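These are the residues of each chain, in order.
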Amino acid sequence: MPPKKKAAAKPNVSAEELLGHYREMLLIRRFEEKAGQLYGMGLIGGFCHLYIGQEAVVVGLEAAAEEGDKRVTSYRDHGHMLACGMDPKGIMAELTGREGGFSKGKGGSMHMFSKEKHFYGGHGIVAAQVPLGAGLAFADKYKGNGRVTFTYFGDGAANQGQVYETYNMAELWDLPVVFVIENNQYAMGTSVKRSTKSPSLWERGAAYGIPGEEVDGMNVLAVKEAGERAVAHCRAGKGPYILEVKTYRYRGHSMSDPAKYRTREEVQKMRDERDPIEQVREMLLTGKHASEDDLKAIDKEIKGIVNEAAEFSKESPEPALEELWTDIYAEVEA
């Protein structure tokens, strides 16, 4: 299977669409910054993996999704939740272990769900969500409802065996699943150059007959365009599709990671030259789609939403002790 070139961004994007992407990515950025602050204050316990730098991936792909499409991912999941429309207040309350959270404070950063938004969770076991995503797609194929599942995993997870078992079954049964490899280049802390012999990750799907492509994950328009191709392939009944989205996280793997495996200069260079939000900001300003004052107003609005979510999380009570015994078993009629 010959490698495909990275998708180019559409030049004829509307001002409304650009502003929407800008707002969504900025919401994720500001939310994650606030989550980092709350973690430092001791209000968020356990693990906390921030999505700062990778915002264009989920925003671009959600722009290609339709109502009823599903998504499942791993533990770096706050951005995915926000992009699919989950309430920031419920997400932040869950991060702080409060009753008002999406999982009633019992799931924390790594384990929350929304049936309403078709978000089937962040999962702590590396690559465990990949077969689950294929299972969701199997259900949709069985029902014949035309839905697609976005199954996200990272470059580290791409070396796990269950990924390739899933590839085999997904292609065998023509499942409508988009496998999204969020290649942020470092997995937990090991460069992909030191952990992976393959020059690309998406091309591994060739062994199973699954098409795919590499995408510039710092360019929201390129991600959306590639997402539309992938979704069209799946909805046409042609089986799965792989997107290797080349992105970059600015923070460590988790809040406890000092990220000494890369230089500050490398991170700063990426921020200065490739930042996904700044790229859209520049397009808005140079295209005269928005003024500096317009963008400042959006930033102020977003900060207000995030601050409201933080206050809600602080005011929401901790779960009652009785919650320890709920949601353990599902009640079914014989």
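Now for a look at the structure at hand. (Residues numbered from 1 in each chain as written. Predicted model: local features only at pLDDT ≥ 70, side-chain atom pairs only at ≥ 80, totals over all residues. Heavy atoms only, no water.)

With that settled, the discussion passes to the overall build of the protein. When helices and strands are tallied, the protein shows eleven helices and six strands. The C-alpha atoms of the protein give a radius of gyration of 20 Å, which matches the 20 Å a tight globule of 334 residues would have. Its C-alpha atoms put the protein at 65 × 55 × 40 Å along the principal axes. Out of the 334 residues belonging to the protein, those deemed buried represent 53%. Of all intrachain contacts in the protein linking residues separated by at least 6 positions in sequence, the fraction that spans at least 24 positions is 76%. Put simply, the protein shows about 15800 Å² of open surface, and 53% of that area lies on carbon and sulfur atoms. In the protein, 43 positive and 50 negative side-chain charges are present, and the distance between their average locations comes to 5 Å. (Helix = DSSP H or I, 4+ residues; strand = E, 2+ residues; numbered from the N terminus. Rg over C-alpha atoms; globule rule 2.2 N^0.38 Å. Buried < 20%, exposed > 50% of the residue type's maximum accessible area, 1.4 Å probe, protein only. Contact = heavy atoms within 4.5 Å. Areas by Shrake-Rupley, 256 points an atom, 1.4 Å probe, with all protein chains shown as cover. Lys, Arg positive; Asp, Glu negative; His and termini not counted. Charge placed at Lys NZ, Arg CZ, Asp CG, Glu CD.)

What follows is about the packing of aromatic side chains. Under the defined criterion, the tally for this structure stands at eight aromatic pairs. Aromatic pair Tyr 164 and Tyr 208: ring centres 6.4 Å apart, planes at 25°, arrangement stacked. Taken together, the positions of Tyr 164 in helix α6 (residues 161-172) and Tyr 208 in the loop between α7 (192-195) and β5 (212-216) put the pair 44 residues apart, joining distant regions of the chain. Where Tyr 186 meets Tyr 248, the ring centres are 6.4 Å apart and the plane angle is 80°; that geometry is what we call edge-to-face. (Phe/Tyr/Trp six-rings, centres within 6.5 Å; stacked < 30°, edge-to-face > 60°.)

Let's shift gears to the pattern of salt bridges. Under the definition given, this model contains 26 salt bridges. Arg 30 serves as the salt-bridge partner of Glu 33, at 3.1 Å between the closest nitrogen and oxygen. Taken together, the residues span about one helical turn, with Glu 33 and Arg 30 both in helix α1 (residues 15-40) at a distance of three residues. One salt-bridge network, held together by shared partners, links Arg 30, Glu 33, Asp 299 and Lys 303. (Salt bridge = Lys/Arg side-chain N within 4 Å of Asp/Glu carboxyl O.)

Bringing the environment of Arg 30 into the picture now. For the pair Arg 30 and Lys 303, spaced 273 residues apart in the sequence, the C-alpha separation amounts to 6.7 Å. Residues within four places of Arg 30 in sequence aside, it is in contact with Asp 299, Ile 302, Lys 303 and Val 306. In terms of polar contacts, Arg 30 uses its side chain to reach the side chain of Asp 299, at 3.0 Å. (Polar contact = N/O pair within 3.5 Å; in protein donor to acceptor, adjacent residues only side chain to side chain.)

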